[in-house]
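Observations on the model geometry
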Amino acid sequence: MHYPSRLMEQVVEELSKLPTIGKRTAMRLSLHLLKQQPEQAIALSHAIEQFRTGTQYCEQCHNISDTAVCNICANTMRDHSLLCVVEDVRDVMAIENTAQYKGVYHVLNGLVSPMDGIGPDDLTINSLLQKVQNNQVAEVILALNTTVEGETTSFYVFKRLQHFNVKVTTIARGIAHNDALEYTDELTLGKSIANRINYEYVR
Amino acid sequence: MYLSKLSILQFKNHAEQNFELHPKLNIITGLNGSGKTNILDAIYYLSFCKSYFNTADALNIKRDNDFFVLQGNYHIGEGVENVLCSLKRNQKKTIKRNQKEYERLTEHIGLFPLVMVSPNDIVLLYEGSEERRKFIDSILSQYDKNYLHNLLQYNKTLQQRNALLKFFIENNRFDAISLEVWTETLIKCGNYIYTARVQFMNVFQDLVLGTYSQIANQNDNVTIYYESQLATYTYAQGMANSLQRDRSTGLTTFGIHKDDLIFKIDEQPLKKMASQGQQKTFLLALRLAQYSLLRKHCGRPPLLLLDDIYDKLDTLRVANLLQHVLGDAFGQVFITHTNNSMLITTLQQQAIEYNHITL
Ligand SMILES: [Zn+2]
């Protein structure tokens, strides 16, 4: 393709390196940027630069953070003996949105998947073991996906924690709120019955 | 349940076809290449949202056209259900039931049960064990959602375990716990699948052999064996015994993915020792046994499609087959055939009512 401007070609090239963005879309985005006030594009490039150079992984929980220790880990009101293990930042945000959880997190930044070349050493599992070894943790809550990779990663973490004096739990899987039993899929309903709990009044 | 009306627009070699159908027996005759099988495939498509031949969807559109539409009216009890499948080139296919589009295709599959008997079934005898496992898996998955779940988990875990074994070889290292977590999932899911297959085969074997002798009209000494490494070793033992071999080959060598069905006649391999007629009769018996299980689980007789009924069968066996499938245990039947005079004579001799479609 011949571009009238080498600078434009550069922008299209860079944009189209992003996932799901093809050459055509990259072209449309660059034309859009050209039509906006220059400040708009400068604000965007500034935001990207700051994001990329300013953020880091929290040294305690490995979540994305602007500071060496993130807001959640720095909060002394939270229960630091309760540790919720999640795959990535999206799960932290989802659980935080429930406003039900007062413990802290441990972000693995991935799941074990040999097919994708990801082993336990590529995740933050050693740092998790370190925390447990230092007796900082009373309970580890495994909150990973129910995919084969999620379940296997939970299993792996559980096996590594088995010999320590720490309680290991996993989030309950069950029937969605306001769902009628007859419309619940068979697998979920079956598991909910197998893993039933003692009755207490649930709001 | 029966299909009372079928209309086909620009599907495979057919431009436009509209048929009023008989609730019990429909005979489709025509020369080779006239598209008899494609009519059956249209009916198959309405039940499974895909072609029997698993072709890419766009290839089902008639050449030089942009879309196809299939429509069927099904009588179930007192009611009539309308099913419409359509596909426009480069677009997602649409399946509607009573003018309402489904959110997911899986909601539709299973509502209009159907069994197809095709000359293509010969792959069950001649191809590798994967075809035979696929055959029993497709039957079991239809009525045991837990089986399907365990099977999908098993297959994914198997791929992951093999990838890890290869990684160990390439990097010359080993980590027992990393491997164990995959192994234990294989054992858990594999045990469920093995138990289900054993129970299934106990019932299925008798059904197949019973059907075989009805159609063959003679007592050939035909047998089916379910072959599994699990018959000799428990899962945990087997996995432990094969660990060294797995580590050197980079493959999981023990498990239900090695299972097979063994077909024999007079204790010899059926595909070597049986005549073509005996082989075909055996394949028919497999499909008809599948039919009777499906009927039991759906509570209503599925549609039965018999493609090319005289393929490798003599007149006597065809007569036995007809008598069998026209009985009360069966519902609506569709039969294709090239030479109509032979079949029609048989039907007229027995004063059987039917609808005749000539292409
Ligand atoms: Zn943190």
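Residues numbered from 1 in each chain as written. Chains lettered and ligands numbered in written order. Predicted model: local features only at pLDDT ≥ 70, side-chain atom pairs only at ≥ 80, totals over all residues.

Turning to the overall build of chain A, a few remarks are in order. A count of helical and extended segments in chain A gives eight helices and six strands. N-terminal to C-terminal, the α/β element order of chain A is α-α-α-β-β-α-β-α-β-α-β-α-β-α. Relative to a compact globule of 203 residues, whose C-alpha radius of gyration would be 17 Å, chain A shows 22 Å and is clearly more extended. The principal-axis extent of the C-alpha atoms belonging to chain A is close to 70 × 45 × 35 Å. Among the 203 residues that make up chain A, the fraction classed as buried is 20%. Across chain A, contacts joining residues at least 24 apart in sequence account for 46% of those joining residues at least 6 apart. (Helix = DSSP H or I, 4+ residues; strand = E, 2+ residues; numbered from the N terminus. Rg over C-alpha atoms; globule rule 2.2 N^0.38 Å. Buried ≥ 20, exposed ≤ 12 C-beta atoms within 10 Å, placed from the backbone. Contact = placed C-beta atoms within 7 Å.)

This part covers the domain arrangement of chain A. Here the domain parsing of chain A yields domain 1 (6–54) and domain 2 (81–171). For domain 1 of chain A and domain 2 of chain A, the distance between their C-alpha centres works out to 36 Å. (Domains from an automatic or database assignment.)

Okay, the interface of chain B and chain A next. Taken together, the contact pairs 16 residues of chain B with 14 residues of chain A. The set of elements that each furnish at least two residues to the side of chain B that touches chain A consists of helix 4 (145–171) and helix 5 (176–216) of chain B. In terms of residue count, helix 4 of chain B provides more of the side of chain B that touches chain A than any other element does, 11 residues in total. Of the residues in the side of chain B that touches chain A, the class split is six nonpolar, eight polar and two charged. (Nonpolar A, V, L, I, M, F, W, Y, C, P; charged D, E, K, R; others polar.)

Attention now moves to unusual backbone geometry. The backbone of Asp64 of chain B shows a phi angle near 65°, a positive value even though the residue is not glycine. Within the secondary structure, Asp64 of chain B sits in the loop between helix 1 (36–48) and strand 4 (67–76).

Another aspect to go through is the domain arrangement of chain B. One can read the domain layout of chain B as domain 1 (2–113 + 300–358) and domain 2 (126–271). Centre-to-centre separation of domain 1 of chain B and domain 2 of chain B, based on C-alpha positions: 33 Å.

The subject of this paragraph is the pairing of strand 9 (residues 222–227) of chain B. All names here are of chain B. Covered by surrounding structure in strand 9 are Val222, Ile224 and Tyr226 only, the residues Thr223, Tyr225 and Glu227 on the alternate face being uncovered. Of the strand pairs in this sheet, strand 9 and strand 10 (residues 260–265) are connected by six bridges, and their pairing is antiparallel. By the bridge assignment for strand 10, Tyr225 is matched with Ile262. (Pairing = 2+ DSSP bridges.)

Structurally, the position occupied by Asn26 of chain B is in strand 3 (residues 25–29). Contact partners of Asn26 of chain B, with chain neighbours within four places excluded, come to Leu21, Phe334, Tyr354, Asn355 and Ile357 of chain B.

Right, let's get into the sheet that holds strand 5 (residues 139–142) of chain A. Residue and element names in this part refer to chain A. Strand order in the open sheet formed by four strands is 4-3-5-6, and the pairing between neighbours is parallel. At either end of the open sheet lies a strand with only one pairing partner, and these are strand 4 (103–107) and strand 6 (167–170). With strand direction ignored, the average angle separating the axes of adjacent strands in the sheet is 30°. Across four bridges, strand 5 lies against strand 6 in parallel orientation. (Axes fitted to C-alpha atoms, helices over the stretch in contact; angles between N-to-C directions.)

It is worth spelling out the nonpolar core at this point. When a protein is soluble and globular, its nonpolar side chains tend to lie buried together. Among the nonpolar cores identified, the biggest contains 61 residues, and Ala42, Ile43, Phe282, Ala285, Leu304 and Leu305 of chain B are the most heavily contacted of them. Broken down by element, this core gets its largest block of residues, eight residues, from helix 9 (residues 276–298) of chain B. Here this core spans two domains, since at least three of its residues come from each of domain 1 (2–113 + 300–358) and domain 2 (126–271) of chain B. In this structure Ile43 of chain B touches Leu3, Leu6, Leu303, Leu305 and Phe334 of chain B, once residues within four positions along its chain are discounted. With 46 residues, the next largest nonpolar core counts Val86 and Leu108 of chain A together with Ile139 and Leu165 of chain B among its residues. (Core = buried A, V, L, I, M, F, W, Y, C linked by C-beta atoms within 7 Å.)

Turning our eyes to something else, we now look at the packing of helix 5 of chain B against helix 9 of chain B. Residue and element names in this part refer to chain B. Where helix 5 contacts helix 9, the axes come no closer than 8 Å and their chain directions differ by 125°. In terms of axis orientation, helix 5 runs oblique to helix 9. Two packed elements cross with a definite hand, and for helix 5 against helix 9 that hand is right-handed. Along the contact surface, helix 5 presents Phe204, Leu207, Val208, Thr211, Tyr212, Ile215 and Ala216, while helix 9 presents Thr281, Phe282, Leu284, Ala285, Leu286, Leu288, Ala289 and Ser292. Of the residues in the contact of helix 5 with helix 9, the class split is 12 nonpolar, three polar and no charged. (Parallel < 35°, antiparallel > 145°, perpendicular 65-115°, else oblique. Left-handed = near helix turned anticlockwise from the far one by under 90°.)

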